[in-house]
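# Descriptive structure summary
Each chain, written out:
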Amino acid sequence: MSDLSRRDAVKLVAGLGFGMGALSTRDAAGAEDAKPEDKMLQAALENPARFMFTAQQTFKTTPSGYRLIFTSALRKPTDHHEGVSMLPASMRIFRANADQDEFTRKGGLYWKCGKEQGQIQFKNPGELIMAVCDQDGTVNCYSLFYDLRC
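Residues numbered from 1 in each chain as written. Predicted model: local features only at pLDDT ≥ 70, side-chain atom pairs only at ≥ 80, totals over all residues. Heavy atoms only, no water.

On a plain count of helices and strands, the protein chain comes out with three helices and 11 strands. Along the chain direction, N to C, the helices and strands of the protein chain fall in the order α-β-β-α-β-β-β-β-β-α-β-β-β-β. Going through the 150 residues of the protein chain one by one, you find that 36% of them count as buried. Taken as a whole, the protein chain presents about 9300 Å² of accessible surface, with 51% of it coming from carbon and sulfur. (Helix = DSSP H or I, 4+ residues; strand = E, 2+ residues; numbered from the N terminus. Buried < 20%, exposed > 50% of the residue type's maximum accessible area, 1.4 Å probe, protein only. Areas by Shrake-Rupley, 256 points an atom, 1.4 Å probe, with all protein chains shown as cover.)

In structure tokens:
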């Protein structure tokens, strides 16, 4: 049984949008400073078992010893530096950046590996993504959402 009540689930889904929100804080002088907060990404990084797959995209790279880099991705909830890199036989969870260009605003995600470049597209912009890179160069990308099933 989940520790998430029905009321909390409704509040959570109603307030998600793309999982992005703003946290207003005050500095020592009392001026307001808005910092982006991505609670959904933070929760996925802390406990991926709370999430389910909603869509999958697969592509293949040539195993060449190069790192795979998702160039339109954010790794940390407050990260403004773009790009998530991964080695073969690894897994990463990140947020697709929906503010890079027209393609990313339609759910697109860019990647590169050495001289190879490509793109994949999910249904919604700014999806929470789990990427799993196999040793043979196969990359499975899954969009994630809270698992609200009982």
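Okay, the pattern of salt bridges next. With the rule as written, the count across this model stands at four salt bridges. Residue Asp136 pairs with Lys60 through a salt bridge whose shortest N-O separation is 3.5 Å. Residue Asp136 is located in the loop between β10 (128-133) and β11 (138-146), and its partner Lys60 is located in strand β3 (residues 51-60); the two are separated by 76 residues in the primary sequence. Note on Asp136: relative accessible area 39%, which makes it partly exposed. (Salt bridge = Lys/Arg side-chain N within 4 Å of Asp/Glu carboxyl O.)

Once that is clear, we can look at the sheet that holds strand β6 (residues 84-86). Whether parallel or antiparallel, the strands of a sheet pair through hydrogen bonds between backbone atoms. Pairing is antiparallel in the open sheet, where four strands are placed in the order β6-β4-β8-β9. The open sheet terminates on both sides in strands that have one partner only, identified here as β6 and β9 (116-121). Looking at each pair of strands side by side, their axes are set apart by 20° on average, direction ignored. Two strands pair when backbone bridges link them, and strand β4 (residues 68-70) and strand β8 (residues 108-113) are joined in this way by three bridges, in the antiparallel orientation. What sits directly across from Ile69, in β8, is Lys112. (Pairing = 2+ DSSP bridges. Axes fitted to C-alpha atoms, helices over the stretch in contact; angles between N-to-C directions.)

Even without glycine at this site, Ala89 takes up a positive phi of about 65°. Relative to the helices and strands, Ala89 is located in the loop between β6 and β7 (90-96).

Below, the discussion takes up the environment of Gly107. With respect to the element layout, Gly107 can be found in the loop between α3 (102-105) and β8. Taking the relative accessible area as the measure of exposure, Gly107 reaches 5% and is therefore buried. Excluding anything up to four places from it in sequence, Gly107 contacts Ile120, Gln121, Phe122, Asn124 and Pro125. (Contact = heavy atoms within 4.5 Å.)

So, on to helix α2 (residues 39-46). Along α2, the positions that sit buried rather than exposed are Met40, Leu41, Ala43 and Ala44. All buried residues of α2 fall inside an arc of 160° around its axis, so they share one side. In α2, the exposed positions that point more than 90 degrees away from the buried face belong to Lys39 and Glu46. (Arc of directions from axis to C-beta.)

Purely spatial values, then, with no claim about function.
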